[in-house]
Amino acid sequence: MIVNSRTKIVGLLGYPLSHSLSPAIFNYVFNKLNLNWCYLTFPLPSAEKINYFLDCFKDMGFVGLNVTMPYKEAVVPFLDEVSAFARIAGAVNVIHLQDGAFIGYNTDGRGFIDSLRELEEEVKQKKVVILGAGGAARSAALSLAMEGAEKIILANRTRERGEQLAQLIKSRFPQVETVAVRLSAEVKSYLSEADILVNATSVGMDGVSLPLEKEVLASFPTSGLVYDMIYSPPETPLVSWAKENNRKNTNGLPMLLQQARGSFQVWEGSELDLNLLTEAAEAALKEEFNG
Ligand code: NAP
């Protein structure tokens, strides 16, 4: 890849970013497609500097950004326009600098639903337990409600945050039964009747922690799908548990790839090939974990 004065710059804003596969995935794809684009990381330690960072980004005429933890909600007030879904979700994960204006989108929810489609997992009339109530959980819960889920159980460490999200779903989708509980053994009775279990907390990124006790997880039906949104490490503790206990499972890589596809669509208006993105992710994971 030759970076020159015409290179289009995109990148990832968040903190910390050392775990992210996005730069390796995007730059692999840009190389393969001979695109004069480059994907950088912008690890910003403090939310107080977001405005300053975005001003500099604008002055330098870069193309756009992905936004990740912990700034998906914090960037919203600094944008000129926000898509309808991102406004409802209160979180942005893609920014496009267009004619000097920052436009924010949220492709997490779409990416999540598309990745379930890839797994041939139907959402309509399903009961889903979501662990977490942060940006990723909000996008997933709203998209599941839009797609016709029957019941959504939100289990979060901070109960009020889960309750706020439950209220949002109830106000927008009154037909969906929505319950907020604490991330604890309280989840057990809901888990026993669920079809899909989604981990949208960051618990498991350390490679050792489970978001729920094994004894609680055991109540999840063997016919259910365990979906861990975490993709690094690729085999999360929850995915390991699901494999050992014969539950269908996935980590967050399919969602990340769908989300990457959605980001490029926003920036360039064309779709990246999913097979090429998968090839890029395999190369990135090999480099990260065996290299
Ligand atoms: P976020 O907005 O910061 O939310 C973090 C969530 O994790 C909150 O619900 C928080 O609970 C919970 N949490 C954090 N530490 C915890 C702990 N020690 N015990 C219990 N709960 C804890 O982050 P996010 O953007 O939603 O991301 C959440 C996860 O999804 C991350 O692992 C991220 O990598 C993953 N993700 C993956 C994709 C993908 O494409 N695969 C996309 C987006 C996100 P409190 O409310 O109590 O703080």
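Scroll up to find the structure.
Residues numbered from 1 in each chain as written. Predicted model: local features only at pLDDT ≥ 70, side-chain atom pairs only at ≥ 80, totals over all residues. Heavy atoms only, no water.

Asks: How should I be thinking about the sheet that holds strand 5 (residues 94–98) in this particular structure?
Replies: Whether parallel or antiparallel, the strands of a sheet pair through hydrogen bonds between backbone atoms. Reading across from one edge, 2-1-3-5-6-4 is the order of the six strands in this open sheet, with mixed pairing throughout. Looking along the sheet, the strands with just one partner apiece sit at the ends: strand 2 (37–43) and strand 4 (81–82). Of the pairings in the sheet, the one linking strand 3 (residues 64–67) to strand 5 comprises three bridges and is antiparallel in character. The partner of Leu65 across the bridge, within strand 5, is Ile95. Running at roughly 170° to strand 2, helix 1 (residues 22–32) makes contact with strand 1 (8–14), strand 2 and strand 3 of the sheet. Taken strand by strand, helix 10 (residues 253–268) contacts strand 1, strand 2, strand 3, strand 5 and strand 6 (101–105), and its axis lies near 10° from that of strand 5. (Pairing = 2+ DSSP bridges. Helix = DSSP H or I, 4+ residues; strand = E, 2+ residues; numbered from the N terminus. Contact = heavy atoms within 4.5 Å. Axes fitted to C-alpha atoms, helices over the stretch in contact; angles between N-to-C directions.)

Asks: Help me out: how do you make sense of the packing of aromatic side chains in this one?
Replies: Geometrically, a pair of aromatic rings is defined through the distance of the ring centres and the angle of the planes. In total, this model carries 14 aromatic pairs according to the counting rule given. Residues Phe26 and Phe30 carry aromatic rings whose centres are separated by 5.8 Å and whose planes lie at 40° to one another, so their mutual orientation is tilted. Here the residue Phe26 and the residue Phe30 both occupy positions in helix 1, the gap between them amounting to four residues, near one helical turn. By relative accessible area, Phe26 is classed as buried at 2%. With a centroid separation of 5.0 Å and an interplanar angle of 65°, the aromatic rings of Phe112 and Tyr227 are classed as edge-to-face. Of the two residues, Phe112 sits in helix 4 (residues 108–118) while Tyr227 sits in strand 11 (residues 225–228), which places them 115 residues apart along the sequence. With respect to class, Phe112 is no different from Tyr227; both count as buried. (Phe/Tyr/Trp six-rings, centres within 6.5 Å; stacked < 30°, edge-to-face > 60°. Buried < 20%, exposed > 50% of the residue type's maximum accessible area, 1.4 Å probe, protein only.)

Asks: Sorry if this is basic, but what is going on with the site of the ligand here?
Replies: Looking at the ligand, there are 24 residues lining it, with Ala136, Asn156, Thr158, Arg161 and Gly252 nearest. For the ligand, an oxygen atom lies 3.0 Å from a polar atom in the backbone of Gly135. Separating an oxygen atom of the ligand from a side-chain N or O atom of Arg161 is a distance of 2.8 Å. Burial of the ligand by the surrounding chains reaches 83%, relative to a free accessible area of 910 Å². Elements with a contribution of two residues or more to the shell around the ligand: helix 5 (135–146) and helix 10. Taken together, the residues of the shell around the ligand break down into 12 nonpolar, eight polar and four charged. (Near = heavy atom within 4 Å. Polar contact = N/O pair within 3.5 Å; in protein donor to acceptor, adjacent residues only side chain to side chain. Areas by Shrake-Rupley, 256 points an atom, 1.4 Å probe, with all protein chains shown as cover. Nonpolar A, V, L, I, M, F, W, Y, C, P; charged D, E, K, R; others polar.)

Asks: Looking at this structure, how should I read unusual backbone geometry?
Replies: Working note: non-glycine residues mostly have negative phi, and peptide bonds are mostly trans. Omega for the bond connecting Met69 with Pro70 falls within 30 degrees of zero, at 0°, which places this linkage in the cis form. Structurally, Pro70 is set in the loop between strand 3 and strand 4. That bond from Ser232 to Pro233 is cis: its omega, 10°, falls within 30 degrees of zero. Positionally, Pro233 belongs in the loop between strand 11 and helix 9 (237–244). Notably, Glu120 is not glycine yet its phi reads approximately 55°, a positive angle. Looking at where Glu120 falls in the secondary structure, it is placed in the loop between helix 4 and strand 7 (127–131).

Asks: Quick question: what am I supposed to make of the sheet that holds strand 11 here?
Replies: Pairing is parallel across the open sheet formed by six strands, whose spatial order is 9-8-7-10-11-12. In this open sheet, the two edge strands, each paired with only one partner strand, are strand 9 (177–182) and strand 12 (248–250). Averaged over all pairs of adjacent strands, the angle between strand axes in this sheet comes to 15°, irrespective of strand direction. As paired elements, strand 7 and strand 10 (residues 196–199) share four bridges and run parallel to each other. If you follow Ile130 over to strand 10, its bridge partner there is Val198. Contacting strand 8 (151–156) and strand 9, helix 6 (residues 159–172) crosses the sheet at an angle of about 175° to strand 9.

Asks: Where do I start with the pattern of salt bridges in this structure?
Replies: Side-chain pairing between opposite charges can occur once the charged atoms of the two side chains come close. Counting across every chain of the model gives 17 salt bridges. One salt bridge in this structure joins Glu73 and Arg161, with 3.6 Å as the shortest N-O distance. Separated by 88 residues along the polypeptide, Glu73 in the loop between strand 3 and strand 4 and Arg161 in helix 6 bring together distant segments of the chain. Accessibility expressed as a relative area gives 38% for Arg161, which makes it partly exposed. Across the salt bridge formed by Glu147 and Arg117, the nearest N and O atoms sit 2.9 Å from each other. Placement of Glu147 in the loop between helix 5 and strand 8 and of Arg117 in helix 4 is noted, with a sequence separation of 30 residues between them. Residue classification places Arg117 among the partly exposed residues on the basis of a relative accessible area of 46%. When salt bridges with common partners are traced through the structure, they connect Arg110, Asp114, Arg117 and Glu147 into a single cluster. (Salt bridge = Lys/Arg side-chain N within 4 Å of Asp/Glu carboxyl O.)

Nothing here speaks to function; it is all geometry.
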